[in-house]
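# An overview of the molecular structure
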Amino acid sequence: MFGPSVEKKDGGGAGSSGSSAGATRARRVQVSCSLQHFPSSSGDVVRRAPDRLRLRGDVLKITQEKQNSLMLSLQMASCSIRFGEGVSREIGMDLRNLGARNVCVMTDGNLSRLPPVAAVLESLAQSGVPYTTYDGVRVEPTDGSFKDAAAFAEAGAFDAFVAVGGGSVIDTCKAANLYSCHPDAHFLDFVNAPIGKGKPVTGALKPLIAVPTTAGTGSETTGVAIFDYEPLKAKTGIASRALRPTLGVVDPRHTLSMPSRVAANSGFDVLCHALESYTALPYHRRAPCPPDPLSRPAYQGSNPISDVWARHALRQVAKYMKRAVCDPEDAEARSAMHLASVFAGIGFGNAGVHLCHGMSYPIAGNVKTHKADGYNVEHPLVPHGLSVVLTAPAVFSFTAPMCPERHLEAAEILGADVSGVKMADAGAVLADTLRDFLFELKVEDGLAAVGYCQDDVPALVRGTVPQERVTKLSPRSHTEDDLTRLFEASMKLY
């Protein structure tokens, strides 16, 4: 891979300075039984409740303790979003208004030569904001590439960051911002448990403006940064509301340069973000209840607010994704998918994802020789959106019994005729709908088509087990045997 290049430029002039908590509803229980009289050893008569009353009280106590252990409230969070054609030209003014005097612009080697980065750098120059560019971001970043970017950021002592690119760039920039602001932290301190220590982020970070150039990850809205942890050959991440960008600048012109396969794989990420957040374990069934608001997880489970965003994102995907993939010049469809990515990002950024994403991490991390069309990289690659969607038919067939009405509604939004369909068939209907959708968009025929075989399943299962941050949000509990069957069922789609 090309090495990172650093370009130092001064702007044309000096920059100017410038929960809602849900309450448990008490349940009144009437116990209709009379007190009974029992003689004591001294001959006195004592009044005792019958055994069944004491048992009922124990049950109520246990139930209350269980309720107290659940997370019975939710907290919504999202960064500010600015959407519209040409809004990238305002970024220089935003940074000038923040008083930024030493800005780090992060991107990758391919994008550094394309119009989105040129538009951002022109805006900074026009507003007189000094900047340094870093184009060493790795597509599908690793712990090593995160560390490289963080070292660059710490050495540069930047007072603001701009990330121009897809999820890989934005996530790398989040990590660089985090670790440069916490120079004494060990790398695994903030990484999700059980791989890392999962410590909360308590220190302030620098302002970060995210400029997405793909329509998929929704990283411009979330406090999550995902990477390949190479020692385990599995993806993990850092999750904290502190990582959320200060501003997401969503300029639909930037997606017009996406190759069709990149548009497809990005769109599959939107699709699964929406489906998984909508079918996730409900927030009021998530445990344990955090002892402190600072410990409240970013991914809380499906909830009434995230549901709105997830359903709307699904409708956008159903209406526009095929057009956006098949015709790169379809500005309306590309713009709609860019906004759908934001919608899904707000939804899953608070609700979370579950098995498709948890299983995708070892699929991407254990890649052997697969080269993805449309990606100008030297290393083998199963793009994130593709690694997620390949297991989707099997996963939603598995999870459907826990909330069949939601699975059936999702299938209907995606175009299935669900009239007369029984709830017991919801999983099969959604799985078939997804297979048809993927086949029409020329998706590889399962895990076997990207280089995996039956012998790889144990390693894929082992790589999924540590992903409990997301897999525990599955509406249906699962074992390693269940994961084995899901991977086996995903070897071939059609």
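In this text the structure is predicted, and so the values were computed from the model without any measurement. (Residues numbered from 1 in each chain as written. Predicted model: local features only at pLDDT ≥ 70, side-chain atom pairs only at ≥ 80, totals over all residues. Heavy atoms only, no water.)

With respect to the helices, strands and loops of the structure, His 338 is situated in helix H8 (residues 331-351). Using a relative accessible area of 0% as the deciding quantity, one classes His 338 as buried. (Helix = DSSP H or I, 4+ residues; strand = E, 2+ residues; numbered from the N terminus. Buried < 20%, exposed > 50% of the residue type's maximum accessible area, 1.4 Å probe, protein only.)

The N-to-C vectors of helix H14 (residues 457-464) and helix H16 (residues 480-489) enclose an angle of 125 degrees; their axes lie 9 Å apart at closest approach. Looking at the two axes, H14 sits oblique to H16. Seen along the crossing, H14 lies across H16 with a hand that is right-handed. Contact with H14, carried on its side by Val 457, Leu 460, Val 461 and Thr 464, involves Glu 480, Leu 483, Thr 484, Phe 487 and Glu 488 of H16 and no other residues of that element. Looking at side-chain class alone, the contact of H14 with H16 contains five nonpolar, two polar and two charged residues. (Axes fitted to C-alpha atoms, helices over the stretch in contact; angles between N-to-C directions. Parallel < 35°, antiparallel > 145°, perpendicular 65-115°, else oblique. Left-handed = near helix turned anticlockwise from the far one by under 90°. Contact = heavy atoms within 4.5 Å. Nonpolar A, V, L, I, M, F, W, Y, C, P; charged D, E, K, R; others polar.)

Turning to the environment of His 254, a few remarks are in order. Within the secondary structure, His 254 is located in the loop between strand S11 (247-250) and helix H6 (260-279). Through-space distance from the C-alpha of His 254 to that of Ser 335 is 9.3 Å; in sequence the pair is 81 residues apart. Look past the residues within four positions of His 254 in its chain and what remains in contact with it is Ser 88, Pro 116, Ala 119, Val 211, Pro 212 and Thr 213.

This part covers the pattern of salt bridges. Applying the stated criterion to the full structure yields 16 salt bridges. Where Lys 199 meets Asp 189, a salt bridge forms, and the shortest distance between an N and an O atom there is 4.0 Å. Residue Lys 199 is found in the loop between helix H5 (167-181) and strand S8 (208-212), and its partner Asp 189 is found in the loop between H5 and S8; the two are separated by 10 residues along the sequence. Asp 330 is the salt-bridge partner of Arg 323, the closest N and O atoms lying 2.9 Å from each other. Residue class for Arg 323 comes out partly exposed when judged on its relative accessible area of 32%. For Asp 330, a relative accessible area of 14% puts it in the buried group. Several salt bridges converge on common partners, so that one network encompasses Arg 82, Glu 90 and Asp 94. (Salt bridge = Lys/Arg side-chain N within 4 Å of Asp/Glu carboxyl O.)

Most peptide bonds take the trans configuration, and most residues that are not glycine carry a negative phi. The omega angle of the peptide bond from Ala 193 to Pro 194 is 10 degrees, so this bond is cis rather than trans. Positionally, Pro 194 belongs in the loop between H5 and S8. Cis geometry marks the peptide bond from Ala 287 to Pro 288; its omega dihedral reads 0 degrees. Checked against the element boundaries, Pro 288 lands in the loop between H6 and helix H7 (304-326). A positive phi angle is found at Glu 140, which is not glycine, with a value near 60 degrees. Mapped onto the secondary structure, Glu 140 falls in the loop between strand S6 (131-134) and helix H4 (143-156).

With that settled, the discussion passes to the pairing of strand S7 (residues 160-165). For S7, a buried count of six out of six residues is recorded, marking the element as mostly surrounded by other parts of the structure. Where strand S5 (residues 103-106) and S7 come together, four bridges link them in parallel fashion. Residue pairing for S7: Val 105 is matched across the bridge by Val 162. One ladder, built from five bridges, connects S7 with S8; its direction is parallel. Residue pairing across strands places Val 162 opposite Ile 209, the latter belonging to S8. (Pairing = 2+ DSSP bridges.)

Here the protein shows a mean pLDDT of 87. Residues at 70 or above account for 86%. Per-residue pLDDT stays below 50 along residues 1-9; that stretch engages in 24 contacts with residues further than four places along the chain or on separate chains. For the stretch residues 11-63, pLDDT sits under 50, and the model shows 55 contacts to residues farther than four places along the chain or on other chains. (pLDDT = per-residue confidence, 0-100.)

Our focus in this paragraph is the environment of Pro 252. Considering the arrangement of structural elements, one finds Pro 252 in the loop between S11 and H6. With a relative accessible area of 10%, Pro 252 lands in the buried category. Once residues within four sequence positions are removed from consideration, Pro 252 is found in contact with Phe 83, Gly 84, Glu 85, Ser 335 and His 338.

Among the secondary structure elements, Asp 108 is positioned in the loop between S5 and helix H3 (115-126). In this structure, Asp 108 is buried with no salt-bridge partner, the nearest side chain bearing the opposite charge being Arg 113 at 7.3 Å. A distance of 2.8 Å separates a polar atom in the side chain of Asp 108 from the backbone nitrogen of Leu 111. (Lys, Arg positive; Asp, Glu negative; His and termini not counted. Polar contact = N/O pair within 3.5 Å; in protein donor to acceptor, adjacent residues only side chain to side chain.)

In this section: the pairing of strand S10 (residues 234-239). For S10, a buried count of five out of six residues is recorded, marking the element as mostly surrounded by other parts of the structure. Strand direction decides the pairing type here: strand S9 (residues 224-229) and S10, joined by six bridges, are antiparallel. Pairing of Ala 225 across the sheet is with Ile 238, part of S10. The turn linking S9 back onto S10 is made up of four residues, and Lys 233 within it adopts a positive phi angle of 50 degrees.

Quick look at H3 now. The end-to-end C-alpha distance of H3 is 16 Å, a good match for the 16 Å that 12 residues give at a rise of 1.5 Å each. Regarding H3, the residues found buried are Pro 116, Val 117, Ala 119, Val 120, Leu 121, Ser 123 and Leu 124. Of the surrounding secondary structure, the elements contacted by the buried residues of H3 are helix H2 (91-98), S5, S6, S7 and S8. Just beyond H3, the residue with positive phi is Gly 128, at close to 70 degrees. (Expected span 1.5 Å × (residues − 1).)

The subject of this paragraph is the nonpolar core. Side chains of nonpolar character tend, in soluble globular proteins, to be buried together. Phe 268 and Leu 271 are the most contacted members of the largest nonpolar core, which totals 66 residues. If one sorts the elements of this core by residue count, H6 sits on top with 10 residues. Ignoring sequence-local partners within four residues, the contact set of Phe 268 consists of Met 321, Gly 385, Val 389, Phe 437, Leu 438, Leu 441 and Val 443. One finds Val 117, Leu 121, Val 164 and Val 249 within the second-largest nonpolar core, a separate group that totals 20 residues. (Core = buried A, V, L, I, M, F, W, Y, C linked by side-chain atoms within 4.5 Å.)

The subject of this paragraph is the packing of H6 against H8. Between H6 and H8, whose axes approach to 9 Å, the crossing angle comes to 35 degrees. Crossing of H6 against H8: the hand is left-handed. Residues Ser 260, Ala 263, Gly 267, Val 270, His 273, Ala 274 and Ser 277 of H6 pack against Arg 334, Met 337, Ala 340, Ser 341, Ala 344, Gly 347, Phe 348 and Ala 351 of H8.

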